[in-house]
Amino acid sequence: MSGIVTETQFHVLAVDDSLIDRKLIERLLKTSSYQVTAVDSGVKALEYLGLLDDEDTSTDSNPVSFTKNHHEVEVNLIITDYCMPGITGYDLLRKIKESTSLKDIPVVIMSSENVPSRINSCLEQGAEEFFLKPVRQSDVNKLRPHLMRTSGKREEDHQPNNVVNKRKPMEECMSPDRTRTRYNDDLEL
């Protein structure tokens, strides 16, 4: 019965070189009942995720190096600043999405600059969201659907017979014979 009472607390890795922004996002996430680990650089994020040792090789030929330094606490989402010295948020996003073991973790990018080409490149590279700073509580509220989706996906991976989300994708549901006929064009008065 205790499994029903205790709700799973999602763990978010927050990455920002600005102390003020890092504290703000940490506070907003904790207010929303997330467990938060905050680091001040892309290098420290890679180290926390266990990807730093694999920085020299771009393929995942040695998965042991990923788990060697990986912390026991599972990370459910990563939220990172775009502009940081050393490894940028964009570089961090690319490294996570290239990793076979971490590519399914949702990544959200934050920036104080509203640059459409930057936003598009992050979304094309696999970012779930792009938030403009200062991040607000309404932005943080947009994170839960991404967490729920990946949480369900991981449960399915561990339990192959699980029937959690067996809906057909939208393309499979839409068939040409199920489209609505437009009657307004042929009306004669």
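Residues numbered from 1 in each chain as written. Predicted model: local features only at pLDDT ≥ 70, side-chain atom pairs only at ≥ 80, totals over all residues. Heavy atoms only, no water.

### Some words on the overall build of the protein
The cut-off we apply is this: Helix numbering and strand numbering both begin at the N terminus, where a helix is a DSSP run of H or I of at least 4 residues and a strand a DSSP run of E of at least 2. The buried label applies to any residue whose accessible area, calculated with a 1.4 Å probe on protein chains only, is under 20% of its type's maximum; exposed applies above 50%, and partly exposed to all values in between. We call two residues in contact when some of their heavy atoms are within 4.5 Å. For every accessible area listed, the method is Shrake-Rupley and the probe measures 1.4 Å; residues are considered covered only by the protein chains on display.
Counting its secondary structure elements, the protein contains 9 helices and 5 strands. Sorting the 189 residues of the protein into buried and exposed places 38% on the buried side. Taking contacts inside the protein between residues at least 6 apart in sequence as the whole, the part at least 24 apart equals 63%. When the accessible surface of the protein is split by element, carbon and sulfur atoms take 50% of a total near 12,400 Å².

### Concerning the UniProt feature "modified residue: 4-aspartylphosphate" (unreviewed entry) in the protein
Here is the rule we go by: UniProt positions are given in the numbering used here, feature names are shortened, and annotations may be inferred rather than shown by experiment.
Under the feature "modified residue: 4-aspartylphosphate" (unreviewed entry), the UniProt entry names D81. Note on placement: D81 falls in strand β3 (residues 77–81). Judged by its relative accessible area of 7%, D81 is buried.

### Looking at unusual backbone geometry
At the junction of K133 and P134, the peptide bond is cis and its omega measures out at 0° in the coordinates. Within the secondary structure, P134 sits in the loop between β5 (129–132) and α7 (137–140). In this structure, S33 takes a positive phi of about 70° despite not being glycine. Structurally, S33 can be placed in the loop between α2 (19–31) and β2 (35–39).

### As for the pairing of β3
Successive side chains on a regular strand alternate, one facing one side of the sheet and the next facing the other. The following threshold applies: Only when DSSP finds a minimum of two bridges between them are two strands counted as paired.
Most of β3 is tucked away: 5 of the 5 residues are buried. Residues L77, I79 and D81 line one face of β3 and the alternating positions I78 and T80 line the opposite face, and both faces are buried. Of the strand pairs in this sheet, strand β1 (residues 11–15) and β3 are connected by 4 bridges, and their pairing is parallel. Counterpart to V12 in the pairing with β3 is L77. Two elements, β3 and strand β4 (residues 107–111), share 4 bridges in a ladder whose sense is parallel. Following the sheet pairing, T80 is matched in β4 by I109.

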